[in-house]
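Descriptive analysis of the structure
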Amino acid sequence: MKKNTDLERRRFLQVSGVALAATAVSANVATGADNNEIRQAPALNSLLRKATLPRARGQRVVVVGGGWSGLTMAKYLRRFNPGFDVLLIDRQSAFVSFPISNSWLADQVDLDFLSHSFFDAANNHDYHFMQATVLGFDRETRRVYTEKGFVDYDYLVLAPGIEYDYARIGVEDTEAQNLLFHRYPGGFVSSSELLTIKRKIHRFSGGTFLLNVPNGDFRCTAAPYERACMVAALFKRQRVRAKILLLDMNAEIRIKKAGFARAFAELYGDYIEYLSSSEITNVDIEGRRVETEFDEYDFDDAIIYPPVRASRLIEDNGIASPISPQKAANTDPFRYHLLDDERVYVTGDSRSQPFSKGGHTAHSEAQYVAEVIAAHALDKEVRWRSPQTMCFSAVDIDPLRAMSIITYYKFSDKTGQFAFDRTHLIERWDTQGGQASLAWAEGMYRDMFYS
Ligand SMILES: Cc1cc2nc3c(=O)[nH]c(=O)nc-3n(C[C@H](O)[C@H](O)[C@H](O)COP(=O)(O)OP(=O)(O)OC[C@H]3O[C@@H](n4cnc5c(N)ncnc54)[C@H](O)[C@@H]3O)c2cc1C
């Protein structure tokens, strides 16, 4: 028995390479303890026991990440294969929606509108939910490790979203990255960032407020431009004497260009100064200054949104593609499983395909991938279908006015790449668009949590 536990410990340390093991080692180094003491670390012991869960009623599918992708996945896995026993794991205790959060920043909806319980989703859709952080997984033994113990899987779906890549704006030092994240959060990864941002913009008393648009394949292309509009609308309503400096790391507005350009000029000419091709190369956090290739900009307060990469869970567990700049997983572009493992799937914003990183994209994609996994378990196949991207962008408040885009994707055998297909763009903003944005979000929450 003792031998088995020792083997398990060694296996965990070997496969996971996770932060916790590293922490245990460095704590021992710091206290001068020898490595044998790692085996006695109580925290490690709790990782190596089985998590307390109801006995699996069928093939167990573990879904990591209860965002737009994971929530949809968990629901539709049960729907497409009622024989599956589905477990959703998220490190957070509740879900707070990023879509519509910009409208919330400008007081157009309450926090209640955005917040939903994982328990409701799991109860209504008949799956299990566990609040825990996934630390690593072992594909050979099909085991997922969390701080609450391990869980064995038949299929594993990874939908852990994105992380910031501060090195790409010249902030390499990890302490500086941490300080920048806490002081000037980007508001694109966790709900605490959103609370800080709301407090900042409501208390801002005047001066230069800096926002930026990252480059590369970042989360929700329209959202940084939308956020600039919402912050400007708030300052305008509160008669704050402020300049919003919007530094775009791209050559031009990346999406809904005519609509946003008109909003900046017609609604917020006195507030927003938009500068394209402003590649951020460094941030002086204490000095409150951003450096670009050609200039330096002082600010009084800021929201700094660095370029993004796929969750580290993917790279740390050795499944990132060696050629992916964003360290996305090495997956089949049509079936979403790892190229060398049809039991492990990667979806949502950490996917390798270049689809727009959006909640709606993740939701429609997850329905398809759930069907793929259900079919795989029955030795069947499903025809590829494109995800759908739908994105509303609010530009004005009281009443809320918004514009929108819907698009699909197609694969070109000629170029070997995906491109937009059947795009429908509405760049005229109006109150109908504003109402439609809220109705869309309500429909999505209903589907993921209640119906
Ligand atoms: C301000 C803003 C506005 C947006 N507006 C829109 C919009 O109008 N329309 C639209 O379609 N999209 C919009 N988006 C984008 C949308 O929010 C994302 O594309 C979507 O959330 C992606 O879903 P996901 O499930 O891949 O990732 P996420 O929603 O980020 O979910 C990932 C989950 O994984 C969990 N997790 C991560 N690592 C671990 C771990 N190790 N263990 C356990 N749990 C873990 C996290 O806690 C998180 O809950 C917006 C985003 C922002 C920030």
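Not measured: the values here are computed from a predicted model. (Residues numbered from 1 in each chain as written. Predicted model: local features only at pLDDT ≥ 70, side-chain atom pairs only at ≥ 80, totals over all residues. Heavy atoms only, no water.)

**Concerning the overall build of the chain**
Condition: Going along the chain from the N terminus, every DSSP run of H or I of four or more residues is numbered as a helix, and every run of E of two or more is numbered as a strand. Using C-alpha atoms as the atom set, the radius of gyration is obtained and then compared with a globule rule of 2.2 Å times the number of residues to the power 0.38. Whether a residue is buried, partly exposed or exposed follows from its accessible area with a 1.4 Å probe, protein chains only, as a fraction of its type maximum: under 20%, in between, or over 50%, in that order. A contact between two residues is defined here by any heavy atoms of the two lying within 4.5 Å. The Shrake-Rupley method, run with a 1.4 Å probe sphere, supplies the accessible areas, and residue values consider only the shown protein chains as cover. Only four residue types enter the tally: Lys and Arg on the positive side, Asp and Glu on the negative side; His and the chain ends are excluded. To locate a charge, the coordinates of NZ of Lys, CZ of Arg, CG of Asp or CD of Glu are taken.
Assigned secondary structure in the chain consists of 14 helices and 23 strands. At 23 Å, the chain has a C-alpha radius of gyration in line with the 22 Å of a compact globule built from 451 residues. Taken along its principal axes, the extent of the C-alpha atoms in the chain is 70 × 55 × 45 Å. Counting only residues that meet the buried cut, the chain has 56% of its 451 residues in that class. Counting only contacts in the chain whose residues sit at least 6 apart along the sequence, the fraction spanning at least 24 positions is 69%. Counting only carbon and sulfur atoms, one obtains 48% of the accessible surface of the chain, whose full area is about 20,100 Å². Taken as two groups, the 54 positive and 58 negative side-chain charges of the chain have centres that lie 5 Å from each other.

**Digging into the pairing of strand β1 (residues 60-64)**
Applicable threshold: One bridge is not enough; two strands pair if DSSP finds at least two bridges between them.
Summarising burial for β1: five of the five residues are buried, a large majority. The side-chain alternation of β1 yields two buried faces, one formed by R60, V62 and V64 and the other by V61 and V63. Sheet topology note: the β1/strand β2 (residues 85-90) ladder contains five bridges and is parallel. In the strand pairing of β2, V61 is matched with V86. Pairing between β1 and strand β9 (residues 155-158): four bridges, direction parallel. Paired with V61 across the bridge in β9 is Y155.

**Side note on the confidence of the model for the chain**
Test applied: What pLDDT conveys is the predictor's confidence in a given residue, as a value from 0 to 100.
Looking at the chain as a whole, the pLDDT averages 93, with 90% of positions reaching at least 70. Considering only residues more than four positions removed or in separate chains, one finds that residues 18-38, a stretch of pLDDT under 50, has 14 contacts.

**So, the sheet that holds strand β22 (residues 401-412)**
Quick note on the threshold: To obtain each axis, a line is fitted to C-alpha atoms, and for helices this fit is confined to the stretch in contact; angles are then taken between N-to-C directions over 0 to 180 degrees.
The strand order across the open sheet built from three strands is β21-β22-β23, with neighbouring strands paired in antiparallel fashion. One side of each edge strand has no neighbouring strand; the edge strands of this open sheet are β21 (389-396) and β23 (417-430). Sheet twist, expressed as the average angle between the axes of neighbouring strands with direction ignored, equals 20°. Pairing geometry for β22 and β23, over nine bridges, is antiparallel. Each bridged residue has a counterpart across the sheet, and for I405 the counterpart in β23 is L425. Contacting β21, β22 and β23, helix α11 (residues 257-266) runs over the sheet at an angle of about 35° to β23.

**Notes on the site of the ligand**
Counted only if it meets this: Residue proximity to a molecule or strand is established when one non-hydrogen atom of the residue lies within 4 Å of it. Polar contacts, as counted here, are pairs of nitrogen or oxygen atoms within 3.5 Å of one another; within protein the pair requires one atom able to donate a hydrogen and one able to accept it, and residues that are adjacent in sequence qualify only if both atoms are side-chain atoms. For this scheme, ten residues count as nonpolar: Ala, Val, Leu, Ile, Met, Phe, Trp, Tyr, Cys and Pro. Four count as charged, namely Asp, Glu, Lys and Arg, and the remainder, Gly too, count as polar. Segment limits for the domains were obtained from an automatic or database-derived domain assignment.
In the vicinity of the ligand, 32 residues are found, and the nearest of them are D90, V134, R219, D349 and G359. Take R219: an N or O atom from its side chain is 2.8 Å from an oxygen atom of the ligand. H360 places a polar main-chain atom, nitrogen or oxygen, 2.9 Å from an oxygen atom of the ligand. Isolated, the ligand exposes 990 Å² of accessible area, and the fraction of that covered by the protein chains is 95%. Listing elements by their share of the shell around the ligand, those giving two or more residues are α4 (68-80), α10 (223-237), α13 (359-377) and β21. Along the lines of polarity and charge, the residues of the shell around the ligand split into 13 nonpolar, 13 polar and six charged. Two domains each provide a minimum of three residues to the shell around the ligand, namely domain 2 (60-161 + 311-384) and domain 3 (165-307).

**Points about the environment of T133**
Among the secondary structure elements, T133 is positioned in the loop between β5 (128-131) and β6 (134-138). Residues T133 and Y153, 20 residues apart in the sequence, show an inter-C-alpha distance of 16 Å.

**A few points about the nonpolar core**
Where we set the bar: Here, nonpolar core means buried Ala, Val, Leu, Ile, Met, Phe, Trp, Tyr and Cys residues that are tied together by side-chain atoms lying within 4.5 Å of each other.
Core analysis: the largest hydrophobic core is formed by 114 residues, its most contacted members being F235 and Y445. Here the element with the most residues in this core is α10; it accounts for ten residues. Both of domain 2 (60-161 + 311-384) and domain 3 (165-307) provide at least three residues apiece to this core. Not counting residues within four places of it along the chain, the set of residues in contact with F235 comprises I201, F204, F209, V240, A242, I244 and Y271. Judged by nonpolar contacts, the second largest core, of 21 residues, contains V62, V134, V144 and L313.

**Overview of the pattern of salt bridges**
Applied cut-off: Any carboxyl oxygen of Asp or Glu within 4 Å of a side-chain nitrogen of Lys or Arg constitutes a salt bridge here.
The final tally for this structure, using the stated rule, is 29 salt bridges. In this structure, D217 and K357 form a salt bridge, with 3.5 Å as the shortest nitrogen-oxygen distance. Taken together, the residues D217 in the loop between β11 (207-213) and α10 and K357 in the loop between β20 (341-346) and α13 connect sequence positions 140 residues apart. By relative accessible area, K357 is classed as buried at 4%.

**A few points about the domain arrangement of the chain**
For interface size, the figure often reported is the accessible area lost on association. To be explicit about the condition: Simply put, the buried area is the total loss of 1.4 Å probe accessible area from both parts when two parts are fitted together.
Under the domain assignment, the chain is made up of domain 1 (2-47), domain 2 (60-161 + 311-384) and domain 3 (165-307). Each side of the interface is counted separately: domain 2 has 20 residues, and domain 3 has 23 residues. Of the roughly 1,800 Å² buried between domain 2 and domain 3 on both sides combined, carbon and sulfur atoms contribute 51%. When the area that domain 2 buries against domain 3 is broken down by residue, the three leading residues are F98, N102 and L105, summing to 36%. Along the contact surface separating domain 2 from domain 3 lie four salt bridges. Run the count over domain 2 and domain 3 and you get eleven residue pairs in polar contact (both at pLDDT 80 or more). Considering each element in turn, the side of domain 2 that touches domain 3 owes the most residues, five residues, to helix α5 (residues 101-105).

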